[in-house]
Each structure stands twice: as structure tokens, then as C-alpha cells.
Amino acid sequence: MSTATADGAATPGRAPSVPPAEAGKRKKSVLGTRPWLAAVFLLPALALLGALVVYPIGYSVYRSFFDASGNGFVGLDNYQEMFSDDATKTAIKNNVIWLILAPTVSTALGLIFAVLTERVRWATAFKLIVFMPMAISMLAAGIIFRLVYEQDPDKGVANAMWVSVHDSFTESPPFPGAHPRPDAGLTESSGGAYTTGATAKLGSPASIPLVAAKRDDISGAQPAKAAEPEARKVTGTVWFDFTRGGRGEQGVIDKGEKAMADLRIEAVKDGKVVAKTTTAADGTYSLPAKAEGARLRLPAWNFSEPYNGVDWLGPSFVTPAIIGSYVWIWAGFAMVLIAAGLAGVPRELMEAARMDGASEWQVFRRVTVPLLAPVLSVVVVTLMINVMKIFDLVYIIAPGPSQDDANVLALQLFQSSFGTDVNQGLGSAIAVLLLLLVLPVMIINIRRIRRESRR
């Protein structure tokens, strides 16, 4: 091979040089020489972005300066009303709770699942089960958890389990709802207990008739038996003073009337309980001699309603309950991303830490978590953006009486713009506020992506 010198002579072994201008032209792509072609490809995406993102944002900002009708300019009045409205304040408070709890708990559970599944034989099946809720729409998940949180233990799974645990350690009341007749000589206290007006006497049985017992509670009871008088004891009978057909006599133990067993009875003297007992299967009871001169009291526990679990969707627990349903859905998402990041962690570092005497907890805390920090930040930021816009779960799960307590900004935006008292100016102001709250998280995410792209 030869090249030409300045005087036209060829120099063997050297390739012919290319002028810099020509070399730059050769490196340009087709799109570089034809910018209109790049614009043609970008135009559909830009048109959709403008129609679905830019225009709605601009119009929302514009609309937030007008009144409910959209004709009168009110300036910043909608923003002032937004921050003075109790419903919006509650929504902001709940959004803060969501922002702190939901991403943190979901990421923590995802991290635990991802680390533990490395040591489980059926890791793939476990991950599939945990990730499966992601395939369910928010609407379906809301309906599922609305049923899970039902107050009735016969319908709600959460209360069915909770009541089962509670009833395993706590005795249930024998006759909820029962009470004496108005003229039976017993007075009701503020707490729901019933106390006899007359004092107890030795050798003189004190019978206590009750009514309004539920059929299921009384159906298997034994027939009531009149107590025998005892010289050194206070005795008596507690029974269900009711005969079908109304043929019985009030205050008298008629044939076929049922005993009320397992009722607690206390002998109260000068405000102190001096003796107590429980009725037998035939309704009879017996108190020692020190009960003489005391009044007999049936504690309120005998008639209290049975434990029906926690009001998960009441004002106190509705927000944590809905966050629990969100975690159920998104913990699988966090687990999959963290597991993917964990697969790229050098195992040599973990083994070196173990060789140096580090425990599994120290390896997890000082090696695994720091190496997974970029992945964890991706998960947390993604969930934070998602949580700021949460709407459907709150709208579906929270019942009408508790919806104000579970309110979030997206739901308040919907109610203000399309609810009963429509004010799209106020709704637009809430939309602008929501955008301003989401923007910092989005900026952080964009900067993180740029830093990773430079590596």
C-alpha cells in the first residue's frame, strides 16, 4: 500500500489521509442531516404529551384562579379556601401519613422477602404468590378488602381471626341483652349492672327473675329450680321468667321456665364486694354468711354484648387499614425489584464479611443494605410518587361515615370537582397543590436516573 506525498509521490505503507471536514460529514447520521425527519418521528409523541399532560396542567392552573362558575376571576381565593377547609387539612394530614408509612412498609417487606427467599427452596413459587396481587386492579383489591374489614366476624376475615384469638383468652358473657322486668325490684346502674333493692337475709332465698334472653342462649338450659333455704347461707335462683303463650306468673318459677347458668353475682355492702359466686346449671346460687345485709348485684359483664372484633373501617383505624391493603398489593413489586438488585450483589463481599466473623444480621445491615441502596431508593421514590396520587382504594374501601376521616388529596380533588357541592375552581387549586407536592419527588428521581446514566 502507498500514499502520496506533498509533491505527488507515493509513500509505500501509509493509507491516504481524509480531510477533517469530509470525516465529520461521514460520521453524521441520516437524522443529523435531516432534522425534519426526527421531528416527524417525535411529533406524535409530542402531540400526545401536550394533549394529555401539558394542556391539562396549564388549564388547571388557569382554572384555579376562577370561581365555581368559571366566569369570575377570584385570584388566590381558591388557594386560601383550600388551606382553611377542614376536609383539605385532613386530606393533607392523611397524605403525609400515607407518604411515610406506605413506601416504608412496602419497601421493608419487599427487602425482607427478597433476602429470605434466597434461602427458601420454593423461592419462585413464594415470589409468585407475593407478586400476584399486582395483577389485581385497584378496584378489585378495594372490593376484596372492603369485605375483609367487615365488622361482622361471620363476613369479615380480619375480625373472624381477631375474634377467634380474643375468645380463646377471654370468657364470653352468658346472656347478652338480658335484663329484669321494670317491676322486679332491681335498679340499673350507669354501667349496666343490676342491683336488688332489698338486702339479703340468711335462710331466705332471694330469687332474681330476668327476661329478654336470646333464644340461642337459653335454648339448651336446664329447667329452673327453686333454691332451698340454708341457715348460714344466702341462697336464691336466677331464671328466665317467661312461659310461651303467656300462661306463667311473673316473679314465680313456673314449670318449663329455664335456668340462667354461669351468671356472676356479687354481694355488695357499703360499696364493697364482700362475697361473690356464679349460678349453677339449674340457676341456683349460694353465698356465705358474710353476705347477710348486703345487696345482690348482677355485674354488667353478664349482659354485655359479645366481642365482635375491631371496627377496622371506623374513624380510628380506617387510614391504617387502607394502607394495609396498599402494602398487600405493592410489597410484591418492591420484592421483585430488590431481588433483581440482590442478584447483582457480589457474593464475595458477603463471604468475606462472614469469614471476618460478622453475624448474618451484621452482613445484612452493613453489606447487603448499603449495596442495595440504589435499588431501594428507586423503589421508595416510585412508591412515593404512586402514593401521592392514591385515590381508588380510599374511595372504595372507606364507608360513607368514615370517608371524611380517610380523605386524601386526590379524593378531595374528585369530590370538589365532581361531588355534591361542585367547585372546579377549588378542585383545580387542589390539583395544582398535588402537582407541586409530586414535583420534588419527580425531580429527585430524574436526577438519580441522570447520575446512573453517566456511570
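To be clear, the structure that these remarks concern was listed above.
In this report, we go over the structure that sits alongside the text. All of these numbers come straight from a predicted model, not from anything done at the bench.

The subject of this paragraph is the overall build of the chain. Helices and strands together make up the secondary structure of the chain, namely 16 helices and 10 strands. Taking 23 Å as the expected radius of gyration for a compact globule of 455 residues, we find that the chain reaches 38 Å, considerably beyond that expectation. Each principal axis of the C-alpha distribution contributes one length, and for the chain these read about 145 × 75 × 40 Å. For the chain, buried positions account for 35% of its 455 residues. Across the chain, contacts joining residues at least 24 apart in sequence account for 67% of those joining residues at least 6 apart. When the accessible surface of the chain is totalled, it reaches about 26600 Å², and 62% of it is carbon and sulfur. Where the 43 positive side-chain charges of the chain centre and where its 39 negative ones centre are 11 Å apart.

It is worth spelling out a nonpolar patch on the surface at this point. A surface patch of nonpolar side chains, amounting to about 810 Å² of accessible area, comprises Leu 42, Leu 46, Leu 48, Leu 49, Leu 52, Val 53, Val 54, Ile 57 and Val 61. Along the chain, the position of Ile 57 falls in helix 3 (residues 35–63).

On to a positive patch on the surface, then. Together, Arg 447, Arg 450, Arg 451 and Arg 454 make up a region of like positive charge exposed at the surface. Within the secondary structure layout, Arg 454 lies in helix 16 (residues 424–454). Exposure remark for Arg 454: the relative accessible area of 65% places this residue in the exposed category.

Here we come to the packing of helix 15 (residues 409–418) against helix 16. Contact geometry of helix 15 with helix 16 gives a least axis separation of 7 Å together with a crossing angle of 160°. Between helix 15 and helix 16, the interaxial angle falls into the category roughly antiparallel. Classified by chirality, the crossing of helix 16 by helix 15 is left-handed. Of helix 16, the residues touching helix 15 (which contributes Leu 409, Ala 410, Gln 412, Leu 413, Ser 416, Ser 417 and Phe 418) are Gln 424, Leu 426, Gly 427, Ile 430, Ala 431, Leu 433, Leu 434 and Leu 437. Along the lines of polarity and charge, the residues of the contact of helix 15 with helix 16 split into 10 nonpolar, five polar and no charged.

Nonpolar side chains in soluble globular proteins tend to end up buried together. Trp 98, Ile 322, Tyr 326 and Leu 393 are the most contacted members of the largest nonpolar core, which totals 46 residues. Those elements that place two or more of their residues in this core are helix 5 (86–116), helix 7 (138–148), helix 10 (318–343), helix 11 (347–355), helix 12 (360–371), helix 13 (373–388) and helix 14 (392–397). Examining the composition of this core, we find that 15 residues originate from one element, helix 10, more than from any other. Here Leu 393 is in contact with Met 138, Ala 141, Gly 142, Ile 322, Ser 325, Tyr 326, Ile 329 and Ala 398, once residues within four sequence places are set aside. Listed in part, the 26 residues of the second largest apolar core include Ala 200, Val 234, Ala 267 and Ala 291.

So, on to helix 8 (residues 157–169). Between its first and last C-alpha atoms helix 8 spans 19 Å; for 13 residues at 1.5 Å apiece the expected length is 18 Å, and the two agree. Within the span of helix 8, buried status applies to Ala 158, Asn 159 and Val 163. Projected down its long axis, helix 8 carries its buried residues within an arc of 115°, all on one side. The exposed residues of helix 8 that point more than 90 degrees off its buried face are Met 161 and Ser 168. Those residues of helix 8 hidden inside the fold are in contact with helix 7.

What follows concerns the sheet that holds strand 10 (residues 295–298). Read from one edge of the open sheet, five strands run 3-4-10-7-8, paired in antiparallel fashion. For this open sheet the edge positions go to strand 3 (186–188) and strand 8 (272–278), each flanked by a neighbour on one side alone. Adjacent strand axes in the sheet meet at a mean angle of 30° when their direction is disregarded.

This part covers the sheet that holds strand 9 (residues 284–287). Taken together, the three strands give an open sheet; going across it, the order is 5-6-9, and neighbouring strands pair in mixed fashion. The open sheet has two edge strands with one neighbour each: strand 5 (208–210) and strand 9. This sheet shows a mean twist of 20° between the axes of neighbouring strands, independent of strand direction. Strand direction decides the pairing type here: strand 6 (residues 234–240) and strand 9, joined by four bridges, are antiparallel.

The phi dihedral of Asp 262 falls on the positive side, at around 65°, and the residue is not glycine. Relative accessible area serves as the criterion here: at 47%, Asp 262 is assigned to the partly exposed category.

So, about the packing of aromatic side chains. Considering all chains together, one arrives at 22 aromatic pairs under this definition. Ring geometry for Phe 65 against Tyr 79: centres 6.0 Å apart, planes inclined by 50°, an arrangement best described as tilted. Residue Phe 65 is found in the loop between helix 3 and helix 4 (77–84), and its partner Tyr 79 is found in helix 4; the two are separated by 14 residues along the sequence. Taking relative accessible area as the criterion, Tyr 79 reaches 17% and is therefore assigned buried.

With respect to the helices, strands and loops of the structure, Asn 302 is situated in the loop between strand 10 and helix 10. Setting aside its immediate chain neighbours within four residues, Asn 302 contacts Pro 173, Pro 174, Phe 175, Pro 176, Asp 262, Leu 263 and Arg 264.

The next point concerns the pairing of strand 4 (residues 194–199). Where a strand is regular, its side chains alternate between the two sheet faces. Looking at chain direction, strand 3 and strand 4 are connected through three bridges and run antiparallel. Bridging across to strand 4, Thr 187 finds its partner in Thr 195. Hairpin geometry of strand 3 and strand 4 is characterised by an intervening segment of five residues between the two adjacent antiparallel strands and by a positive phi of about 105° at Gly 192. Inspection of the sheet shows strand 4 paired to strand 10 by three bridges, in the antiparallel sense. Residue pairing in the sheet places Thr 199 in a bridge with Arg 295 of strand 10.

Scanning the entire structure with this criterion turns up seven salt bridges. Put simply, Asp 241 and Arg 181 hold a salt bridge, and the shortest N to O gap is 3.6 Å. Taken together, the positions of Asp 241 in the loop between strand 6 and strand 7 (264–269) and Arg 181 in the loop between helix 8 and strand 3 put the pair 60 residues apart, joining distant regions of the chain. Here Arg 297 makes a salt bridge to Glu 266, at a shortest N to O gap of 2.7 Å. A residue pair is termed long-range when its members are at least 10 positions apart, and Arg 297 in strand 10 and Glu 266 in strand 7 qualify at 31 residues. The exposure class of Glu 266 is buried, given its relative accessible area of 17%. Here the salt bridges share partners, and the residues they tie into one network are Glu 351, Arg 354 and Glu 360.

Conventions adopted
Residues numbered from 1 in each chain as written. Predicted model: local features only at pLDDT ≥ 70, side-chain atom pairs only at ≥ 80, totals over all residues. Heavy atoms only, no water. Helix = DSSP H or I, 4+ residues; strand = E, 2+ residues; numbered from the N terminus. Rg over C-alpha atoms; globule rule 2.2 N^0.38 Å. Buried < 20%, exposed > 50% of the residue type's maximum accessible area, 1.4 Å probe, protein only. Contact = heavy atoms within 4.5 Å. Areas by Shrake-Rupley, 256 points an atom, 1.4 Å probe, with all protein chains shown as cover. Lys, Arg positive; Asp, Glu negative; His and termini not counted. Charge placed at Lys NZ, Arg CZ, Asp CG, Glu CD. Patch = residues over 30% accessible without salt bridge, like charges linked within 9 Å, V, L, I, M, F, W, Y side chains within 5 Å. Salt bridge = Lys/Arg side-chain N within 4 Å of Asp/Glu carboxyl O. Axes fitted to C-alpha atoms, helices over the stretch in contact; angles between N-to-C directions. Parallel < 35°, antiparallel > 145°, perpendicular 65-115°, else oblique. Left-handed = near helix turned anticlockwise from the far one by under 90°. Nonpolar A, V, L, I, M, F, W, Y, C, P; charged D, E, K, R; others polar. Core = buried A, V, L, I, M, F, W, Y, C linked by side-chain atoms within 4.5 Å. Expected span 1.5 Å × (residues − 1). Arc of directions from axis to C-beta. Pairing = 2+ DSSP bridges. Phe/Tyr/Trp six-rings, centres within 6.5 Å; stacked < 30°, edge-to-face > 60°.

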